[in-house]
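Per-entry structural report
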Amino acid sequence: MIATSQPLEIQEIVERYDKQRHDIEASYMDVILYSGGALGYKEIMTMPLPSVQIFIERMNKRTEDMNAANAGRNR
Amino acid sequence: MSENPLIAAYKKPAVFVSLPSGAKWYDPKPKLSVDNELAVYPMSARDELLTKTPDALFNGEANIALLSSCCPDIVNPRQVPVNDLLVLLIAIRQATYGNTFDVDLECPNCKHLNQLTIDSGTLLSKVNAVTADQEVKLDRNFKVLVRPYTIEDRTIIQIQNIKRQKMIDSLLASDADEDTKSKMFGETFVELATLTVDIITNCIESVQAPESSDVIVDKALIREWLQNISKKDHDVIKQRVEDLSDDGLDTNFKAKCIECSHEWTQEVELDMSNFFVG
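Residues numbered from 1 in each chain as written. Chains lettered and ligands numbered in written order. Predicted model: local features only at pLDDT ≥ 70, side-chain atom pairs only at ≥ 80, totals over all residues. Heavy atoms only, no water.

**Here's the deal with helix H4 (residues 61-70) of chain B**
Cut-off, in case you're wondering: Three labels apply to residues, based on accessible area from a 1.4 Å probe with only protein chains included: buried if under 20% of the type maximum, exposed if over 50%, partly exposed otherwise in between. Helix and strand assignments come from DSSP, with helices taken as H or I runs of at least 4 residues and strands as E runs of at least 2, each series counted from the N terminus.
Counting buried positions over the 10 residues of H4(B) gives seven, a clear majority of the element. Listed in full, the buried residues belonging to H4(B) are Ala62(B), Asn63(B), Ile64(B), Leu66(B), Leu67(B), Ser69(B) and Cys70(B).

**Description of the state of the cysteines**
Residue and element names in this part refer to chain B. For the record, the criterion: Throughout, a disulfide means two cysteine sulfur atoms within 2.5 Å of one another.
Under the counting rule described, the total for this entry stands at zero disulfides over all chains. The thiol sulfur of Cys107 is not disulfide-bonded, and the nearest other cysteine sulfur, from Cys260, lies at 3.7 Å. Cys107 gets classed as buried once you look at its relative accessible area, which sits at 0%.

**Observations regarding the packing of helix H8 (residues 178-203) of chain B against helix H10 (residues 231-245) of chain B**
Residue and element names in this part refer to chain B. Stated formally: Lines are fitted to the C-alpha atoms to define the axes, a helix being fitted only along its stretch in contact, and any angle between axes, read from their N-to-C directions, falls within 0 to 180 degrees. Note on convention: near helix rotated counterclockwise from far helix by under a right angle means a left-handed crossing. Clockwise means right-handed. The contact definition used throughout considers only heavy atoms, calling two residues in contact when any of these lie within 4.5 Å. Only Asp, Glu, Lys and Arg are considered charged in this grouping, and only Ala, Val, Leu, Ile, Met, Phe, Trp, Tyr, Cys and Pro are considered nonpolar; every other residue, Gly among them, is considered polar.
In the contact formed by H8 and H10, the axes pass within 11 Å of each other and the chain directions differ by 60°. Regarding H8 and H10, the two cross each other, and that crossing is left-handed. Judged by residue contacts, Thr196, Ile200 and Cys203 of H8 engage His234, Ile237, Lys238 and Val241 from H10. Of the residues that constitute the contact of H8 with H10, the class distribution is four nonpolar, two polar and one charged.

**Describing the pattern of salt bridges**
Condition: Here, a salt bridge means any Lys or Arg side-chain nitrogen found within 4 Å of an Asp or Glu carboxyl oxygen.
Summed over the entire model, instances satisfying the criterion amount to 10 salt bridges over all chains. Where Asp23(A) meets Lys19(A), a salt bridge forms, and the shortest distance between an N and an O atom there is 2.8 Å. Here the residue Asp23(A) and the residue Lys19(A) both occupy positions in helix H1 (residues 7-34), the gap between them amounting to four residues, near one helical turn. On the accessibility criterion, Asp23(A) (34% relative accessible area) is partly exposed. Here Glu152(B) and Arg78(B) are joined by a salt bridge, their closest N and O atoms 3.9 Å apart. Residue Glu152(B) is located in helix H7 (residues 151-173), and its partner Arg78(B) is located in the loop between H4 and helix H5 (82-97); the two are separated by 74 residues in the primary sequence. Look at the salt bridges and you will find they share partners, linking Glu61(B), Arg78(B) and Glu152(B) into a network.

None of the figures reported here should be taken as evidence of function without further support.
Shown next as structure tokens:
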């Protein structure tokens, strides 16, 4: 799209893409942080995205299970 | 960033796709499955970030990097015929995010913004092989063998068009006198004409003169000949290159407005900007 847009529109497109790129990279940083050291930056950058998706699902499930177990213990 | 060889070896193809070109015009030919389909792998996070990098999109490097990463059986992605590009991008999208994606369509009747869900599997299943004949016979019995534009050719044309438009805009807005403006306009169009000749030369594989058994493949000779032929012959050759470059994908979709129930058919422009979002 950027290649076929009129020059006046380009600045707006560039800004939108820069923001999207920043947000996507920030999401991956979150995954690294919440994985507790299971994944590093290089690994997540080279993993196929469907695998990243599965990893996030499993990580969320593990957190839910741990929260449920903690809640049961505190009851 | 160099990829860990263990991860590279572990990646597995998610989609196999038929190429409109039938893998013709590749050098070397890509490795295909027994039913002549190309394996397509999902994008990595790094690939995804590239699809959001304006400079890489503008200069075509995003396409090249994506093909290198997701279609590793294509050895030289810069020379991929342009008629395969959209099919490959759709297949990469499908391998990564699944079969469906949404595009926004404005109702021509009430201007309501509707969301149309497109099934990429259906799109890819309708891919037709290129049927245009590679051989062009000119009026004076010259036989010209042409091929489609490559991704690199198409990117050069697009960048040149933007530069030309920018130049025209700045000239129109400048305080320069009419003579200077017209001289600069002239130079711009000469540059564009030269580029067009270069690109069409790239797309000509050979020329055979009438009543001669010699097949000319030397690009310098072909370029010189191209500059001396009639506009009509040049247009015939260019049109055949355009026909061969067509991906044959039907991107016209029927839509119905959820607000006013108006029904219409609209061509949807599919590119990185509207379908590389998860």
